[in-house]
Amino acid sequence: MMKRTLKNKIYRAFLLGFTITLVASAIIVFGFSLPSIYESNLKSERETLNQAATQIDTYLRQINSLCIQVSYTEDTRTVLSKKYSGELEHSTEYIQDSDELYKLYANFLFPTKGAYGVFIYNQNGYPYFYCPSNYINRYNNIREESWYLELNQSAAYDYYIFSSAHRPRQILNTPNYFISLYRKIYDISNYEIIGQAEILIQPQTIQNILFESVKNNQKQQLTLVDTDGHVIASTGNYSPGEGFDKSIAKRLKDKNGTFVSNLSLNATNYSLSDYSGWYLVYQYDSDLLYKDIRNIVITFISFSLLAWFAMMIWGRALAKQVTTPLALLAEGVEHIKQKDFNHKIILNSDDEFEYLAETFNEMTDTLKDYIQQVFDVEEQKTKAQMYALQAQINPHFTLNTINSIKHMAMLQNQTNIVSILDDFSLLLAATFRFPNELITLREELDRVRAFARIQDTASFGKIKLHFSYEEEILDYLTVGLILQPIIENAIFHGIKPKMSSHQLKSGDILIQITSDDDSILIHVIDNGIGMLKEQADSLLSQSRSGIGVKNVHARIQLRFGEEYGLTIKSAPFEGCDVLIHIPKIKNNPESRGYNNESF
């Protein structure tokens, strides 16, 4: 009865959850998703428009840069300033200069996609030179053309004009349409106008940019239109120079906008380029968008009904599949309550329930050994306490042994051995302290001096330590044993190799301590053999097997953070400079509050 009740509950909960999910999905689709889809589509169209406009402006800026190169090159100004005798076609000097200009302009034109040609006009408005061919109509004066009048009437020095799509009359026998960019050419000695430059652009290049933006989608159309309503380039049926649809062209007034017309592509977005002065018009069929949305809704409802009936059948089977293993698990729990740990649950369902059954069986086996494990743990605790007590005895025994040796040396008047044993005892006692303990810089320098005296004795006075610091800085705190490993490394790996190769008679190590507002900087500088930058970097590497320098770096970062630690500067045969960076911590009870903690 309990099993059947649980089965019915699972079945009803399953169907209820699925029904609520369907209803919520429908509400989201109708109440939120459809407007969001529409707004997202409008946003996507605006992004497409802006992306295409940006690419076109970028390309036109490239053309403008090309025109600036042509206008400002010295060869152009030289040709316009010369006085050639006779007809230009028969002037040997003009032909030579034209050849040079042709080579120069060809280097400008050919790498630039869509740049077709360059016109140079003299100050009287006659074509003076044309690249890629000099076969032009030299008697076609441009002084009355609108672009010429606008260009020369402008007082701006850096002024340019983009034309509409047109057939250049200066080129003989051409049926092609081009776009032109015009600039003035100045004599830089007096800034007087000596001519004009014109760059011919093929509209096909801009048309390719438009096609790439709409990805050849017939539901979308991009058209570049000038302010007079003439087409520059289009992905539709418009040709360069053709008049754009007047019902749309007359509504292109503001910098950008959106409206709906009665055309087949009835939704329109547009934007005005500040750079070229042209409108980019983006048209699309909004009815197709609503048709797609209606198809989505119908498909969603049909699928939901079919899915609901399928879930009814599957829900019954799922409820039975869930409750049967649960009943077996409940039976197993009853055996555990009766302290029957030999009962096993057998399931061959090849799913999570089989895993639960196997885990249950493993649990009963584990319980059998639980009491013995408790005794084992208690025994291990006892042993650990004994080891801890022994660890306290060992350092004490070691120090007492050293003191005994020291007294024997004193009785034999071996003062050097007594001094070394005193220093060694100080260093050994430092190693027995907790690794996370903070000490003053004064204590750390005492340890360094002890180590230095030992090394001075061993080297017969050939290795000296020098100190540079202000007295008050010694009362700030640091992690213990950070200087001794650095100095030891400098002696055994820097100074002694250099002394053994007779490159150095004596070794010097400078310990320089400075501070700022919140940091203490300790430099350990030696005159040893030095090392390569790669070797210096490897000293702090995690992959390095040594423990001295890397240990100091790791302890500082663990204690204070990764912004602190060691930095090594060195070069072969130039010694080594190890910078220790630690925070500035005052010596007070709060700062040393957890000295007895250890890692």
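Here, the structure is the one placed above.
In this report, the structure presented in the accompanying data block is examined.

What counts and how
- Residues numbered from 1 in each chain as written.
- Predicted model: local features only at pLDDT ≥ 70, side-chain atom pairs only at ≥ 80, totals over all residues.
- Heavy atoms only, no water.
- Helix = DSSP H or I, 4+ residues; strand = E, 2+ residues; numbered from the N terminus.
- Buried < 20%, exposed > 50% of the residue type's maximum accessible area, 1.4 Å probe, protein only.
- Contact = heavy atoms within 4.5 Å.
- Areas by Shrake-Rupley, 256 points an atom, 1.4 Å probe, with all protein chains shown as cover.
- Pairing = 2+ DSSP bridges.
- Core = buried A, V, L, I, M, F, W, Y, C linked by side-chain atoms within 4.5 Å.
- Phe/Tyr/Trp six-rings, centres within 6.5 Å; stacked < 30°, edge-to-face > 60°.
- Lys NZ or Arg CZ within 6 Å of the ring centre and 35° of its normal.
- Patch = residues over 30% accessible without salt bridge, like charges linked within 9 Å, V, L, I, M, F, W, Y side chains within 5 Å.
- Salt bridge = Lys/Arg side-chain N within 4 Å of Asp/Glu carboxyl O.
- Lys, Arg positive; Asp, Glu negative; His and termini not counted.
- Charge placed at Lys NZ, Arg CZ, Asp CG, Glu CD.

Points about the overall build of the chain
Check the secondary structure of the chain and you find 14 helices and 17 strands. Across the 599 residues in the chain, those meeting the buried criterion constitute 40%. Sequence-distant contacts, at least 24 apart, represent 61% of the contacts inside the chain between residues at least 6 apart. Surface exposure of the chain reaches about 34,900 Å², of which carbon and sulfur atoms provide 55%.

Observations concerning the pairing of strand E5 (residues 192-201)
Across the ten residues of E5, eight count as buried, placing the element largely inside the fold. As paired strands, strand E1 (residues 115-122) and E5 are joined by seven bridges and run antiparallel to one another. Across the sheet, isoleucine 120 pairs through a bridge with alanine 197, a residue of E5. Turn length for the strand E4 (residues 179-187)-E5 hairpin, with the two strands adjacent in sequence and antiparallel, is four residues, and the turn residue tyrosine 191 shows positive phi of about 60°.

With respect to the nonpolar core
If you look at the biggest cluster of nonpolar residues, it comprises 47 residues, and the most contacted ones within it are Leu60, Tyr105, Ile120, Ile199, Ile206 and Leu280. Top contributing element to this core by residue count: helix H1 (residues 2-72), with ten residues. For tyrosine 105, the residues in contact, after removing those within four places along its chain, are Val70, Thr73, Thr76, Val118, Ile120, Phe129 and Cys131. Within the second largest apolar cluster, 43 residues are counted, among which are Leu441, Ile509, Ile513 and Ile520.

Quick notes on the packing of aromatic side chains
Applying the stated criterion across every chain, the model contains 16 aromatic pairs. Between tyrosine 121 and tryptophan 147 the ring centres are 5.8 Å apart and the planes differ by 50°, which places this aromatic pair in the tilted class. Separated by 26 residues along the polypeptide, tyrosine 121 in strand E1 and tryptophan 147 in helix H4 (residues 146-153) bring together distant segments of the chain. A relative accessible area of 0% means that tyrosine 121 is categorised as buried. Ring centres of tryptophan 147 and tyrosine 148 lie 6.0 Å apart, and the angle between their planes is 80°; this geometry places the pair in the edge-to-face category. Comparing tryptophan 147 with tyrosine 148, the two get one shared label, buried. An aromatic cluster is defined as three or more aromatic residues linked by ring pairs; in this entry it consists of Phe119, Tyr121, Trp147, Tyr148 and Tyr182. Above the face of the tyrosine 275 ring, arginine 61 is positioned so that its terminal group lies 4.1 Å from the ring centre.

Considering a negative patch on the surface
The grouping of Glu74, Asp75, Asp99 and Glu100 at the surface amounts to a negative patch. Those elements that place two or more of their residues in the negative patch are helix H2 (74-81) and helix H3 (92-109). A relative accessible area of 46% means that glutamate 100 is categorised as partly exposed.

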